[in-house]
Amino acid sequence: MQKKRITSGIIKGILLILFILNSWPVLARPGIIFQSSGNENPKKKSADQTGLHEKKRLKILKNMEKVMGKLPDRSDLPAFDIQITDSVSEAGFTRYTLSFTVAENERLPVYLYVPKQSGTIKRLPAMLVLHGTHDLGKGVVDGQGDKPNRAHARELAQRGYVVIAPDYPSFGDLKDHDFETDRYKSASMQAIFNHMRCVDLLQSRTDVDPDKIGVIGHSLGGHNSMFVAAFDTRLKVTVSSSGW
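The following paragraphs examine the structure supplied in this document. These numbers were taken from a predicted model, which means no experiment stands behind them.

### Some words on the overall build of the chain
In terms of regular secondary structure, the chain is built from six helices and seven strands. Going through the 244 residues of the chain one by one, you find that 47% of them count as buried. If you take every contact in the chain between residues at least 6 apart in sequence, the share linking residues at least 24 apart comes to 66%. Of the accessible surface of the chain, which amounts to about 12,800 Å², a share of 53% is contributed by carbon and sulfur atoms.

Next comes the structure, spelled out in structure tokens:
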């Protein structure tokens, strides 16, 4: 059976794991204010809580991999080999249509939005924007779809963010993706790997602040935002709309 849409059983398994382990509060970043009785050493307690957080986080990731498949090895990754096929200059930003290498024999099509700057180039915050379920794929978050309030990639670029918006396997320019021949156990894990490579690309840019990168998505993109944020601690902000 194709993995084009993850089967309902796998989806239920994912949600059950996340729910039972109360994962999302645990996967949240450890910068939490803890209530104190006044007798504890706050620095020690913070360190203890951070260690507990990381231990639980790793346990959750292992359970996610039992459902989704293992995250492929991210060492010794190939050069991006960025190939730009189109660019559109608009007020305040340029949108590039490009693809880049995520792994050997694997390329990912994306939109890259780059705010226009004059003078000394500043490092800007950046967002990974993940589309919902729609044949247009990344075109939806560019505002090309038939529903309102979906153009968050474009709107973030207008607000001064560098934005990368990839296609999910079987949508957009990946509409002909063959799930039977790829190396992944699930489309979810393939997406996690692809999205982490998007973060790699953002961090490689001289106009991106590597410590100010977030992810946002709606529906299909909403739960994929949570999934990639669980694995990639470089993402400082996670916004999930209708991700359940």
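### Focus on the pattern of salt bridges
Considering all chains together, one arrives at 14 salt bridges under this definition. Between Asp142 and Arg154 there is a salt bridge, with the nearest N and O atoms lying 3.0 Å from each other. With Asp142 in the loop between strand 4 (124-130) and helix 4 (152-158) and Arg154 in helix 4, this pair connects stretches of sequence that are twelve residues apart. Considered together, Asp142 and Arg154 belong to a single accessibility category, that of buried residues. Among the ionic pairs, Arg234 bridges to Asp232, the shortest N-O distance being 2.7 Å.

### Some details on the nonpolar core
Counting residues in hydrophobic clusters, the biggest one holds 37 residues, and the most contacted among them are Met64, Phe100, Leu128, Ile164, Leu202 and Phe231. Mapped by element, the contributors of at least two residues to this core are helix 3 (42-68), strand 2 (93-103), strand 3 (106-115), strand 4, strand 5 (162-166), helix 5 (187-204), strand 6 (208-218) and helix 6 (220-231). In this view, Ile164 contacts Phe100, Val110, Tyr111, Leu112, Met127, Leu128, Val129, Cys198, Leu201 and Leu202; residues no more than four positions away in its chain are not counted. By size, the runner-up hydrophobic cluster in this structure holds twelve residues, among which are Tyr111, Met127, Ala153 and Leu156.

### Regarding helix 5
If you check helix 5, its first and last C-alpha atoms are 26 Å apart, about what 18 residues at 1.5 Å a residue would give, namely 26 Å. When you tally the buried positions in helix 5, you get 16 out of 18 residues, the bulk of the element.

### Let's talk about the sheet that holds strand 2
Read from one edge of the open sheet, seven strands run 1-2-3-5-4-6-7, paired in mixed fashion. The sheet is open, and its two edges are formed by strand 1 (83-90) and strand 7 (237-241), each paired on a single side. Pairwise comparison of adjacent strand axes, ignoring direction, gives a mean angle of 20° for this sheet. Sheet topology note: the strand 4/strand 6 ladder contains six bridges and is parallel. Counterpart to Ala126 in the pairing with strand 6 is Ile213. Contacting strand 4, strand 6 and strand 7, helix 6 runs over the sheet at an angle of about 140° to strand 6.

### Regarding helix 6
A rise of 1.5 Å per residue sets the reference length of helix 6, with its twelve residues, at 16 Å; its end C-alpha atoms lie 17 Å apart and thus fit the reference within 8%. For helix 6, the buried fraction is high: eleven of the twelve residues fall into the buried class. All of the buried residues along helix 6 are Leu220, Gly221, Gly222, Asn224, Ser225, Met226, Phe227, Val228, Ala229, Ala230 and Phe231.

Rules used throughout
- Note on numbering: residues in each chain are counted from 1, in written sequence order.
- This being a predicted model, a pLDDT of at least 70 is required before a residue's local features are given, and a value of 80 or more before pairs of side-chain atoms are given or counted; all residues contribute to the totals for chains, interfaces and linings.
- Calculated side-chain values reflect all of the structure's heavy atoms, with hydrogen atoms and water omitted.
- Strands are runs of DSSP state E lasting at least two residues, helices are runs of H or I lasting at least four, and both sets are numbered from the N terminus onward.
- Only protein chains enter the area calculation, which uses a 1.4 Å probe; residues under 20% of their type maximum are buried, those over 50% are exposed, and those in between are partly exposed.
- Any two residues whose heavy atoms approach within 4.5 Å are treated as being in contact.
- Method for areas: the Shrake-Rupley scheme with a 1.4 Å probe, in which residue coverage is limited to the protein chains shown.
- When a carboxyl oxygen of Asp or Glu is within 4 Å of a side-chain nitrogen of Lys or Arg, the pair counts as a salt bridge.
- Buried Ala, Val, Leu, Ile, Met, Phe, Trp, Tyr and Cys residues form a nonpolar core when they are joined through side-chain atoms within 4.5 Å.
- One fewer than the residue count of a helix, multiplied by 1.5 Å, yields its expected span.
- Paired strands, in this sense, are two strands between which DSSP finds at least two bridges.
- Under this scheme, a helix contributes an axis fitted over its contacting stretch, all axes are lines through C-alpha atoms, and angles between N-to-C directions fall in the 0 to 180 degree range.

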